[in-house]
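Structural description and commentary
Listed here are the chains, written in short residue letters.
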Amino acid sequence: VIWFVVRLLIILLLVRLVWRFVASVLTGLAEPRGRMSGNQAVPLVRDPVCGTFVVPARALPLSDGRSTVYFCSERCRDLYSSKAQG
Ligand SMILES: [Zn+2]
């Protein structure tokens, strides 16, 4: 009887694990552009000053005439612009 209970508990644990996995997959399918998606749908840009990768939508852009660079903060943007001019 004890072995039956132990096996039942193990099966329950496995079912819970599988259910959590299935639920996470289902929510991932429901939200293809979710925050936690690890795909490369959202391209990241690199802050040239500190090297941090930032999302363009949340970054501070600075256009130098030919191309636009993105920064994680105003400090980095100021540093970059002062470097470019000086
Ligand atoms: Zn930065």
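Residues numbered from 1 in each chain as written. Predicted model: local features only at pLDDT ≥ 70, side-chain atom pairs only at ≥ 80, totals over all residues. Heavy atoms only, no water.

Topic: the overall build of the chain
Of the regular secondary structure elements, the chain holds 2 helices and 4 strands. Within the span of the chain, comprising 86 residues, buried residues form 8% of the whole. With the model as given, the accessible surface of the chain reaches about 7800 Å², and the carbon-plus-sulfur share is 63%. (Helix = DSSP H or I, 4+ residues; strand = E, 2+ residues; numbered from the N terminus. Buried < 20%, exposed > 50% of the residue type's maximum accessible area, 1.4 Å probe, protein only. Areas by Shrake-Rupley, 256 points an atom, 1.4 Å probe, with all protein chains shown as cover.)

Re the pairing of strand E4 (residues 68-71)
Side-chain alternation along E4 places Val-69 and Phe-71 on a buried face and Thr-68 and Tyr-70 on a face that remains uncovered. Pairing analysis gives 4 bridges linking strand E3 (residues 60-63) to E4, with the strands arranged antiparallel. Following the sheet pairing, Leu-62 is matched in E4 by Val-69. (Pairing = 2+ DSSP bridges.)

Quick look at the coordination of the zinc ion
Only Asp-47 (OD), Cys-50 (SG), Cys-72 (SG) and Cys-76 (SG) from the protein coordinate the zinc ion, and they sit 2.0 to 2.3 Å from it. Taken together, the 4 donor atoms coordinating the zinc ion span angles of 99 to 117° at the metal, a pattern that classifies the geometry as tetrahedral. Within one chain, the residues serving as donors to the zinc ion are arranged as D-x2-C-x21-C-x3-C. (Donors = N, O, S within 2.8 Å, 3.2 Å for Na, K, Ca; no water. Tetrahedral: all angles 85-135°; square planar, octahedral: opposite > 155°, others 65-115°.)

A closer look at the packing of aromatic side chains
Enumeration over the complete set of coordinates arrives at 1 aromatic pair. On the numbers, 5.1 Å between centres and 50° between planes, the contact of Phe-71 with Tyr-80 is tilted. Given a relative accessible area of 23%, Tyr-80 falls into the partly exposed group. (Phe/Tyr/Trp six-rings, centres within 6.5 Å; stacked < 30°, edge-to-face > 60°.)

Remarks on the environment of Arg-46
Relative to the elements of secondary structure, Arg-46 occurs in strand E1 (residues 45-46). Overall, the relative accessible area of 53% leaves Arg-46 in the exposed class.

Some thoughts on the confidence of the model for the chain
Parts of the prediction with low pLDDT should not have their coordinates interpreted in detail. On average, residues of the chain score 86 in pLDDT, and 84% of them are at 70 or above. Of all secondary-structure elements in the chain, the lowest mean pLDDT belongs to helix H2 (residues 74-85), at 87, while strand E2 (residues 53-54) reaches the highest, 94. (pLDDT = per-residue confidence, 0-100.)

Regarding the environment of Val-69
When you line up the elements, Val-69 lands in strand E4. Relative accessible area serves as the criterion here: at 18%, Val-69 is assigned to the buried category. In the structure, Val-69 is positioned 21 residues away from Pro-48 in sequence and 7.8 Å away in space, judged by C-alpha atoms. Not counting residues within four places of it along the chain, the set of residues in contact with Val-69 comprises Leu-60, Pro-61, Leu-62 and Tyr-80. (Contact = heavy atoms within 4.5 Å.)

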